Amino acid sequence: MSVPAGWEAVIGLEIHVQLATRTKMFCRCENGTGSGGEPNTRVCPICSAQPGALPSPNRAAVERTIAVGLALGSEIAEHAIFHRKNYFYPDCPKAYQISQFDQPLCVGGQLAVPLADGDHVVRFERVHLEEDAAKTVHEGGEGGRVAGSSGAVVDFNRCGTPLMEMVTRPDLRSAEEASRFASFLRQTIVALGVSECDMENGSLRVDANVSVRRPGEDGFRAKAELKNMNSFSFLERGIARELRRQAEIYEGGGEVETQTLHYDPAADELTVLRSKELAHDYRYFPEPDLVPIEPAAELLERLRGELPELPGTRIRRFERELGLPFAQAADLNGTRELADYFEQVVASSGDAKASANWVLNEFSAHLNEQRLTVPESPVAPASLAGLIALIADGTVGSAGAKQVFAGLVAGEGGGDARAIVEARGLGQIADSGALAALVAQVVADHPEQAAEFRAGKGALIGFFVGQVMKASGGRAEPKLVQQLIRDALA
Amino acid sequence: MTLDLADVRHAAALAHIALDEDELADLAGELAGILAHIGRIGELNLADVPPTAHALDLVNVLAEDLPRPSLPRDLLLANAPDATADGFRVPPIGA
Amino acid sequence: MTDRTTLSVEQMARGIAAREFSRVELAQDHLARIEAESDLGCFLHVDGERVLARAETLDQAGGSGLSGIPIVFKDNLCTQGVPTTAGSRVLEGYRPPYSATVVERCEAAGLVAIGKANMDEFAMGSSNENSAYGVVRNPWDRTRVPGGSSGGPAASVAAGLAPLALGTDTGGSIRQPAALCGVVGMKPTYGVVSRYGVIAFASSLDQVGPFARSVRDCALALSVIAGADDYDTTCVGLPEPVSLPEREDLRGVTIGALAMDGIEGVEPGVRAAYEASLGVARELGANVTEATLEFSLTPHALAAYYLIAPAEASANLARYDGVRYGLRADGGDVFEMFDKTRGAGFGREVKRRCLIGAYALSAGYYDALYGQAQRVRTLIRRDFEKAFAGCDMVVSPTSPSVAFELGARSSDPLAMYACDLFTLPGNLAGLPGLSIPCGLSEGLPVGLQLLGPAFSENRLLAAGHALEQALAFAPLGASR
């Protein structure tokens, strides 16, 4: 574990998720998440804070945030308002961010991370809605660093992108837990269809509040805020590094300072971020340009009705109803598309175990090799189910089945596994007459082994089966072959 | 409620307004006078009175998620004190 | 020939329709007046060629209604491509990339934007002495202030530089200068007119409204600008269309008159003109009763206003940071640039209010100052709810004083803030207010304010029109 001996880790996460709406949070410029277009081309008077411009909130962003709250079992506010959070920075054109303060859209809630031996529940403080900042690119200076740069250029394309902020309670007790939770939260949000949640392009950003205390100690010690770690493994390593640092400070008789840190994964080092000047006094006050949001019962009912089955629930259902082991149930829920695909295969094949194996092995390998998403694959769920049925009824053996799958990937047979079996001649030979001839030949070719077998070296059965399989091009039905060999050598 | 030079300095820092010493002293005097009047509002016992943020009792005014054209970039950049070909240049951040 | 610049909007429209004169000629007359009265300091930007080109286009198109009527825009209304400064150095040279909704509505109605009018910087002031571009003089007495913050629009209409103007009113900035300049001014109910493209002072108080030389003209202008707007989520428009006032009596109308006893600073001449107006109202058949506002005229109400408005302003004016438009001062880093730009770009009153606002919102003071002000705001709303249970409208003088001498109050912010005593409760409660000239005191106009319940614009205009007819106030230059 990443927690230094003799210490307990106390970790909470602040997760920022760019919502994949068509337009920005408070104006109708196209939402530039992902491909933002040419700099400063998705900008209007509102998101560039021209004098006199006013915000108008995006219904889709509000509804998606409420949907996330419903999925987490949060209490949805009866009366939510926006606040202005005041700070000067070149990426914040109004010099205030429209955010939420003491009356957010969603309060509380939790996410249970399913594990082999039970659920790990992490509680949320709140989920609220705000707007993203612009991007600043430093000019000159070494490697684009802040220090020594001659200036910066601001691009407002990202400015005003809807940003959902999720704050957990300090329920996480190790770096691994934190990263596992963040990853499962991502999986859940993606399944909800509200965001791409791509850490590399910044549509998912995770900050961690980290402190340590002695086991059994009440209350919390000073915490450090770790900013913008852009992968789950960096998140884990950054937290682990910070836990060690804090433990060492205390053990050396020092005190940990409350501060904001930036993790440099290459050096495995934490550096103090320059604090935004006077950032501690944001002077929050109710945004007078906007009116309150009071979600109606009908809206909540509709949104609740539209929620998909969430990964956590689905994993448990796969275990319970389909009898799958936890690891497979979890892997099948890596993405909603894969789980949907799997369920379609099961629906046609009626064999959950075989379907899980095929989806997780051959099918997933095929997606990886060809860099395809589930819907892009040429292998329709019914086709895969058809193949599974051919295996079950003995039409094809395992070697043949792999070739049939290759045929499905190649688009052969119009997606009909049986047609591929026929076209490629992959059908299993279960005709005793035909196989008996092969067996007779193999026995004739290996008199020494035949003698040994007859003398009682029963283990040689495998050798003979192998030889017959080889001679049949892998198509011989193995059980029948075994029987025929025993008969021949009796 | 009183206000001293340090308060004015702090407020000026929050508001990002550079003031020279004379201006600071003048403003401190003026603001102290104003605050002496308006600060008395704090003495009222209004614990039972709910705040009014807005005179209008409107709720749920939300816009549909349908794109509208953005500004042409040259128009957006036309007013910039220091524009590059595609953005707004600012002095170094956090020297 | 009558001077066309003294005509009412309706007369101008009839003259154009009857081809007695063209829109171009009407524009030329007004441009000539603007030139002749340039010492008033009303305008920050006039582009005569553009005005004439627009009038010419309209002449050729031959529209009806208000087509060709000149209108002045206060310089805090964004006009695409046309300089817009809000009276501030920090926006010198700024040409907005878009127009305010009210500007677009005026254009669609065929009005001719004749120029951008001077104002107190960011609408903060009651005398127009806080403009970065010089004072505006009161056309009734050029040694006196026109009131503020919409001093330019008010003085323009009074001096015949245009028959209509649009201003903004956050604490009285339409009604008070209308009173001091002897013209009609209306602050509509909060939410009747779009604020999109209106350079914000205090978002929960700001409202755009018209200036005119008559109540009917004022109603015409209101009918152009009122209406819901997708771009302003706080804007709902009027529940019914603006109706042009016709009636000349006040039968069936209950007027709640505020008693002046015990209110400090009301000039005797103002009080006399006000009380005479109440007599006229009675003669017109109104039931005049006494209205009491327990809280709205106390120093606490003034305090609430002078906390809420600066707090909102401190955030609204934070965008003037030298990055995207306007003034930029040099700085070694971006924060120094912010500080110096804002230090150089803002005038004294704006700095004062930004500092008060930042202070009122800052950690440790929010509850005692801003939070408390919001609770007082509730008391003011309740005050009016109670008052309107017994009357249709509350009337008072618009301003406790007539136009004062330039410079008389500029060194005393508190004396200046007292100008808004009667007007700012209407902003805090979001109510419509109409100021009409009701007489003279020391040869200077006195304004009568009619405050009504939310969305009672038509009733206020009807009552204002009836009073106007009976009071027969002679506008400046009527004999010109």
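What counts, and at which threshold
- Residues numbered from 1 in each chain as written.
- Chains lettered and ligands numbered in written order.
- Predicted model: local features only at pLDDT ≥ 70, side-chain atom pairs only at ≥ 80, totals over all residues.
- Heavy atoms only, no water.
- Helix = DSSP H or I, 4+ residues; strand = E, 2+ residues; numbered from the N terminus.
- Rg over C-alpha atoms; globule rule 2.2 N^0.38 Å.
- Buried < 20%, exposed > 50% of the residue type's maximum accessible area, 1.4 Å probe, protein only.
- Core = buried A, V, L, I, M, F, W, Y, C linked by side-chain atoms within 4.5 Å.
- Contact = heavy atoms within 4.5 Å.
- Buried area = accessible area lost by both parts, 1.4 Å probe.
- Salt bridge = Lys/Arg side-chain N within 4 Å of Asp/Glu carboxyl O.
- Disulfide = S-S within 2.5 Å.
- Expected span 1.5 Å × (residues − 1).
- Bend = angle between axes of the 7 residues up to and from the residue.
- Polar contact = N/O pair within 3.5 Å; in protein donor to acceptor, adjacent residues only side chain to side chain.
- Nonpolar A, V, L, I, M, F, W, Y, C, P; charged D, E, K, R; others polar.
- Pairing = 2+ DSSP bridges.
- Axes fitted to C-alpha atoms, helices over the stretch in contact; angles between N-to-C directions.
- Phe/Tyr/Trp six-rings, centres within 6.5 Å; stacked < 30°, edge-to-face > 60°.
- Lys NZ or Arg CZ within 6 Å of the ring centre and 35° of its normal.
- pLDDT = per-residue confidence, 0-100.
- Parallel < 35°, antiparallel > 145°, perpendicular 65-115°, else oblique.
- Left-handed = near helix turned anticlockwise from the far one by under 90°.

Draft legend 1. Looking closely at the overall build of chain A. The number of helices and strands found in chain A is 15 helices and 15 strands. The C-alpha radius of gyration of chain A comes to 30 Å, more than 25% above the 23 Å expected for a compact globule of 490 residues. When the backbone C-alpha atoms are referred to their principal axes, chain A occupies close to 95 × 55 × 50 Å. Taking all 490 residues of chain A together, the buried fraction comes to 54%.

Draft legend 2. Seen up close, the nonpolar core. Membership of the largest hydrophobic core comes to 328 residues, with the highest contact counts inside it found for A:Leu13, A:Met166 and C:Phe122. Judged by nonpolar contacts, the second largest core, of 18 residues, contains A:Val442, A:Ile461, A:Phe464 and A:Leu484.

Draft legend 3. Spatial organisation of the interface of chain B and chain C. With 56 residues of chain B at the interface, the matching set in chain C holds 66 residues. Both faces considered, chain B and chain C share a buried interface measuring about 5,200 Å² in area, 67% of it formed by carbon and sulfur atoms. Counting the contacts that link chain B with chain C gives seven salt bridges. Between C:Lys351 and B:Glu23 there is a salt bridge, and its shortest N-O distance comes to 2.5 Å.

Draft legend 4. Representation of the state of the cysteines. Per the counting criterion, the structure on display carries zero disulfides over all chains. Free cysteine C:Cys218: the closest other cysteine sulfur is in C:Cys106, separated by 13 Å.

Draft legend 5. Representation of helix α8 (residues 352-370) of chain A within the structure. All names here are of chain A. Helix length check: α8, at 19 residues, gives a terminal C-alpha distance of 25 Å against a target of 27 Å (1.5 Å per residue), a fit within 8%. Remark: the principal bend of α8, roughly 35°, maps to Val359. Buried residues of α8: Ala352, Ala354, Ser355, Ala356, Trp358, Val359, Leu360, Phe363, Ser364, His366 and Leu367, and no others. Check the buried side of α8 and you find it contacts α5 (311-322), α6 (326-332), α7 (336-349), α9 (381-392) and α10 (398-409).

Draft legend 6. Representation of the interface of chain A and chain C within the structure. Every contact between the two is made by 32 residues of chain A and, on the other side, 40 residues of chain C. In this assembly, chain A packs against chain C so that about 2,800 Å² is buried in total across both faces, 61% of it on carbon and sulfur atoms. If you look at where chain A meets chain C, you find one salt bridge. With a shortest N-O distance of 2.9 Å, A:Asp289 and C:Arg195 are connected by a salt bridge. Inspection of the chain A/chain C interface yields 16 residue pairs in polar contact (both at pLDDT 80 or more). Elements that contribute at least two residues to the side of chain A that touches chain C include exactly β3 (83-86) and β15 (285-286) of chain A. Across the side of chain A that touches chain C, the residue classes break down as 21 nonpolar, five polar and six charged.

Draft legend 7. Quick look at the sheet that holds β3(A). Sheet architecture is open: three strands sit in the order β4-β3-β15 (chain A), paired in antiparallel fashion. On the outer flanks of this sheet lie β4 (96-99) and β15 of chain A, each paired with one strand and no other. Pairing geometry for β3(A) and β15(A), over two bridges, is antiparallel. Bridged to A:Arg84 within β15(A) is A:Phe285. On the sheet, helix α9 (residues 299-316) of chain C packs against β3, β4 and β15 of chain A and is oriented at approximately 60° with respect to β3(A).

Draft legend 8. Spatial organisation of the packing of aromatic side chains. Counted by the stated rule, this structure contains 28 aromatic pairs over all chains. Ring centres 5.8 Å apart and planes at 50° place the aromatic pair A:Phe88 and C:Phe338 in the tilted group. Of this pair, A:Phe88 sits in the loop between β3 and β4 while C:Phe338 sits in helix α10 (residues 334-345), each in a different chain. Ring geometry for A:Tyr282 versus A:Tyr284: centroids 6.1 Å apart, planes at 70°, classification edge-to-face. Three or more aromatic residues joined by ring pairs form one cluster here, namely C:Tyr94, C:Phe122, C:Tyr320, C:Tyr325 and C:Phe346. Looking at A:Lys85, its charged tip hangs above the ring of A:Tyr282, at a distance of 4.4 Å from the centre.

Draft legend 9. Structural view of the confidence of the model for chain B. For chain B, the average pLDDT comes to 93, and 98% of its residues sit at 70 or higher. Interface confidence for the predicted complex, given as ipTM, is 0.97, next to a pTM of 0.92.

Draft legend 10. Molecular detail of the pairing of strand β1 (residues 8-18) of chain A. Residue and element names in this part refer to chain A. The buried count for β1 comes to 10 of 11 residues, which makes it a mostly enclosed element. Pairing analysis gives 10 bridges linking β1 to strand β11 (residues 204-213), with the strands arranged antiparallel. If you follow Ile11 over to β11, its bridge partner there is Val210. Where β1 meets strand β10 (residues 162-168), five bridges bridge the pair, whose relative direction is antiparallel. If you follow Ile15 over to β10, its bridge partner there is Met166.

Draft legend 11. Up close: the sheet that holds strand β1 (residues 43-45) of chain C. Residues and elements named next belong to chain C. One open sheet holds the 11 strands; their spatial order is β1-β3-β2-β4-β6-β5-β10-β11-β9-β7-β8, and the pairing between them is mixed. The sheet is open, and its two borders are formed by β1 and β8 (287-291), each paired with just one other strand. If you compare each strand with its neighbour and ignore which way they point, the axes differ by 35° on average. Examined bridge by bridge, strand β5 (residues 184-187) and strand β6 (residues 207-212) share two bridges and lie antiparallel to one another.

Draft legend 12. Layout of α9(C). In this model, α9(C) (18 residues) spans 25 Å end to end at C-alpha, consistent with the 26 Å of a helix rising 1.5 Å per residue. Along α9(C), 16 of the 18 residues are buried, which leaves the element largely enclosed by surrounding structure.

Draft legend 13. The arrangement of the packing of helix α2 (residues 21-38) of chain B against helix α11 (residues 348-361) of chain C in detail. For the pair α2(B) and α11(C), interaxial distance at closest approach is 10 Å and the crossing angle is 60°. What the angle tells us is that α2(B) and α11(C) run oblique. Here α2(B) and α11(C) pass one another in a crossing that is right-handed. The segment α2(B) lies against α11(C), with B:Glu23, B:Asp26, B:Leu27, B:Glu30, B:Leu31, B:Ile34, B:Leu35 and B:Ile38 engaging C:Arg348, C:Lys351, C:Arg352, C:Leu355, C:Ile356 and C:Tyr359.

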